[in-house]
Amino acid sequence: MKKAILLSLTIFISYNATSADIIGDKEICSIQKDSSKAGQNVAYQWGKMALTATANDTEKFNPRPTVTSRYLGLIFTSVFDAWSRYDEKAIPVYLTGAERRPSNEHSLKNKEIAISYAAYRAMSEYYYSDVKLFTNFMRELGLDPNNNSLDPTTPEGIGNLAAKAVIEARKGDGSNQYGEETGSNGTAYFDYVNYKPVNSPDENVDLNRWQPKYFSDGKDGKFAPGCLTPFWNKVKPIALQSADQFRPGPPPLIGSEQLEKEVKEVIDLQANLTDHDKALVEFMRDGPQSVQQAGHWLKFAQEVSLRNNNSLDEDVKMYFYVQVVAMDAFIASWDAKMFYDSARPNALVHHYYKDQKIKAWGGPDKGFTELNGTEWRPYSPDTFLCPPFPSYVSGHSTISGGCAEALKLWTGSDEFGSEATLVAGAMTEPEHLGDTVTLKFPTFTETAEMAGISRVMGGYHIQSDNIAGLELGRDVAREAWKFYKKHIGEVVY
């Protein structure tokens, strides 16, 4: 039976899914049952739990895609490391001091217990405000959440040790999770690099550089959010050698024919948005209770799990690889963003078309109209006008390019076949709804390209941001593939 998955509180999106999608349902797996198959296996169910926690995190702390990508990457690395001790060849990433268990202990039950404790401990560390949710799920699985054993000969101990190893190894990794970096003030994720934009929201002194923009506070006021995690280029990757390993060349600058052409493309695409285009922009942008890009591609991976009837072993490995790619792709994307500090289309349109009348979207209550170039805005609600950080490269394109390539490499095929149904305009202009649209994603590659072009259609990026981002993500995925193959014991280099 198909169940609806809600990507926001205001928009209906339906995926191809099964009844196993609903967390907390009495039919969800118990590790006393045969739960090795997709939709029933414990890895899949902890994946659903991670998505719920990510959505809750967005509600509590506002969108912070860099931070949540790290959470998901480290959670599934913990799960992988615990599982590796019950596999014949796998090599853990951070776990030490726990030897591979004898083959006669490589049972489904032991794997389930080990990865459940690893997931529980890691999620409780990173999504700490949802500990009660995770604790209840452990009890549903028939496991004792208070079992703190570190005995490396038991699955409970191995799971706890795996999460502990990851948590300890990643302290001081540049993310400033604990406010410990030099230059910080003890606050989690405080900007310890003291980034200051060249431009203010009111004055644009360098048109090539990022300019903060005013958002509505929803109470007839306005505010200009600062740059989100401007230090994320300093976070240590998992699979990459460095954040700048695949740094792309520079974006086009003011005065170039290419930039002028790409700015015009943004205007033309927005002026001709169809209901299908609006639906695509909104689907990829996500909304309230968003799971961000890393979570979005975890959802896609879970669809693959259901489609291919993945076993527990397969899901552990797939989620590990895809989420490592997402985490490292964010780090690589932020390296380019902070290195080039490039302007968003809204500032560029205001410059190039300041003395012209253009057809554009005037806002939620105005629809498409003729306005001055300086009034142009992205197809986005007033409370989240555009992402608050530099433009080049597109994060959506980088993460989508990377995760799509990862799923293609992991499955051995580009075939996807996902669909999503939603009402055009529901997240952006709810008083002027369009038609119900079904988006089709036939291949992983096309899905990534649709994600990328949606950011140009929406007015958040120019085409150069998209194209360079897609390629950067694919570079990350190919590099991480070598890392993945090493850790599943297939390639040593």
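Basis of the calculations
Residues numbered from 1 in each chain as written. Predicted model: local features only at pLDDT ≥ 70, side-chain atom pairs only at ≥ 80, totals over all residues. Heavy atoms only, no water. Axes fitted to C-alpha atoms, helices over the stretch in contact; angles between N-to-C directions. Helix = DSSP H or I, 4+ residues; strand = E, 2+ residues; numbered from the N terminus. Parallel < 35°, antiparallel > 145°, perpendicular 65-115°, else oblique. Contact = heavy atoms within 4.5 Å. Nonpolar A, V, L, I, M, F, W, Y, C, P; charged D, E, K, R; others polar. Expected span 1.5 Å × (residues − 1). Buried < 20%, exposed > 50% of the residue type's maximum accessible area, 1.4 Å probe, protein only. Phe/Tyr/Trp six-rings, centres within 6.5 Å; stacked < 30°, edge-to-face > 60°. pLDDT = per-residue confidence, 0-100. Salt bridge = Lys/Arg side-chain N within 4 Å of Asp/Glu carboxyl O. Lys, Arg positive; Asp, Glu negative; His and termini not counted. Core = buried A, V, L, I, M, F, W, Y, C linked by side-chain atoms within 4.5 Å. Pairing = 2+ DSSP bridges.

### Let's talk about the packing of helix 2 (residues 65–84) against helix 8 (residues 292–308)
Taken N-terminus to C-terminus, the directions of helix 2 and helix 8 make an angle of 45°; their axes are 6 Å apart at the nearest point. Taken together, the axis directions place helix 2 and helix 8 in an arrangement best described as oblique. Residues Pro65, Thr68, Ser69, Leu72 and Phe76 of helix 2 lie in contact with helix 8, whose contacting residues are Gln292, Gln293, Ala294, Gly295 and Leu298. Per-class residue counts for the contact of helix 2 with helix 8 are five nonpolar, five polar and no charged.

### Digging into helix 5 (residues 155–169)
Residue pairs three or four apart in sequence face the same way in an α-helix, which turns once every 3.6 residues. Taking 1.5 Å per residue as the helical rise, helix 5 with its 15 residues ought to reach 21 Å, and the 21 Å between its terminal C-alpha atoms agrees with that figure. Burial analysis of helix 5 places 11 of its 15 residues in the buried class, the great majority of the element. Tucked into the core, helix 5 has its buried residues touching helix 2 and helix 3 (108–126).

### Digging into the packing of aromatic side chains
This model, assessed by the stated rule, comprises 28 aromatic pairs. A centroid spacing of 4.8 Å and a plane angle of 80° characterise the contact between Trp297 and Phe300, whose relative ring orientation is edge-to-face. Residue Trp297 and its partner Phe300 are located together in helix 8, separated by three residues, close to a single helical turn. According to the relative accessible area criterion, Phe300 is buried, its value standing at 1%.

### Here we look at the confidence of the model for the chain
Averaged over all residues, the pLDDT of the chain is 92; the fraction at 70 or higher stands at 91%. Confidence drops under a pLDDT of 50 for residues 1–30, and excluding neighbours within four residues, the segment shows 90 contacts in the predicted structure.

### Structural notes on the pattern of salt bridges
Summed over all chains, the structure comprises 20 salt bridges. Between Arg209 and Asp341 there is a salt bridge, with its nearest N and O atoms 2.7 Å apart. Placement of Arg209 in the loop between helix 5 and strand 3 (215–216) and of Asp341 in the loop between helix 9 (312–340) and helix 10 (345–352) is noted, with a sequence separation of 132 residues between them. A salt bridge links Arg478 to Glu471; the nearest nitrogen and oxygen atoms lie 3.3 Å apart. Counted as one network, the salt bridges with shared partners bring together Glu405, Lys408, Glu471, Asp475 and Arg478.

### A short note on the side chain of Asp315
Along the chain, Asp315 falls in helix 9. Lys317 provides the closest opposite charge to the buried, salt-bridge-free Asp315, at an N-O distance of 10 Å. Discounting residues that sit within four places of it in the chain, Asp315 has contacts with Asn41, Ala43, Tyr44, Ser305 and Asn310.

### Description of unusual backbone geometry
The linkage connecting Tyr392 with the following residue, Val393, adopts the cis geometry, with an omega of 10°. Looking at the element boundaries, Val393 is found in the loop between strand 6 (368–372) and helix 11 (395–411). Phi at Asn194 takes a positive value of approximately 55°, unusual for a residue other than glycine. Relative to the helices and strands, Asn194 resides in the loop between helix 5 and strand 3. Classification of Asn194 by relative accessible area gives partly exposed; the value is 49%.

### Concerning the nonpolar core
In summary, soluble globular proteins display a tendency toward joint burial of nonpolar side chains. Counting 128 residues, the largest nonpolar core has Trp46, Tyr321 and Phe441 as its most contacted members. Of all the elements, helix 9 adds the most residues to this core, at 19 residues. Formed by 15 residues, the second largest nonpolar core is a distinct cluster that contains Tyr353, Leu371, Val456 and Ile462.

### Re the pairing of strand 5 (residues 357–361)
As paired elements, strand 5 and strand 6 share five bridges and run antiparallel to each other. If you follow Trp361 over to strand 6, its bridge partner there is Phe368.

### Topic: the environment of Leu433
Tracing the sequence through the fold places Leu433 in the loop between strand 7 (415–423) and strand 8 (436–443). Sequence separation between Leu433 and Ala329 is 104 residues; the distance between their C-alpha atoms is 34 Å.

### Comments concerning helix 9
With 29 residues, helix 9 should cover 42 Å at 1.5 Å per step; its first-to-last C-alpha distance of 42 Å lies within 8% of that length. Among the residues trailing helix 9, Asp341 stands out with phi positive, at a value near 50°.

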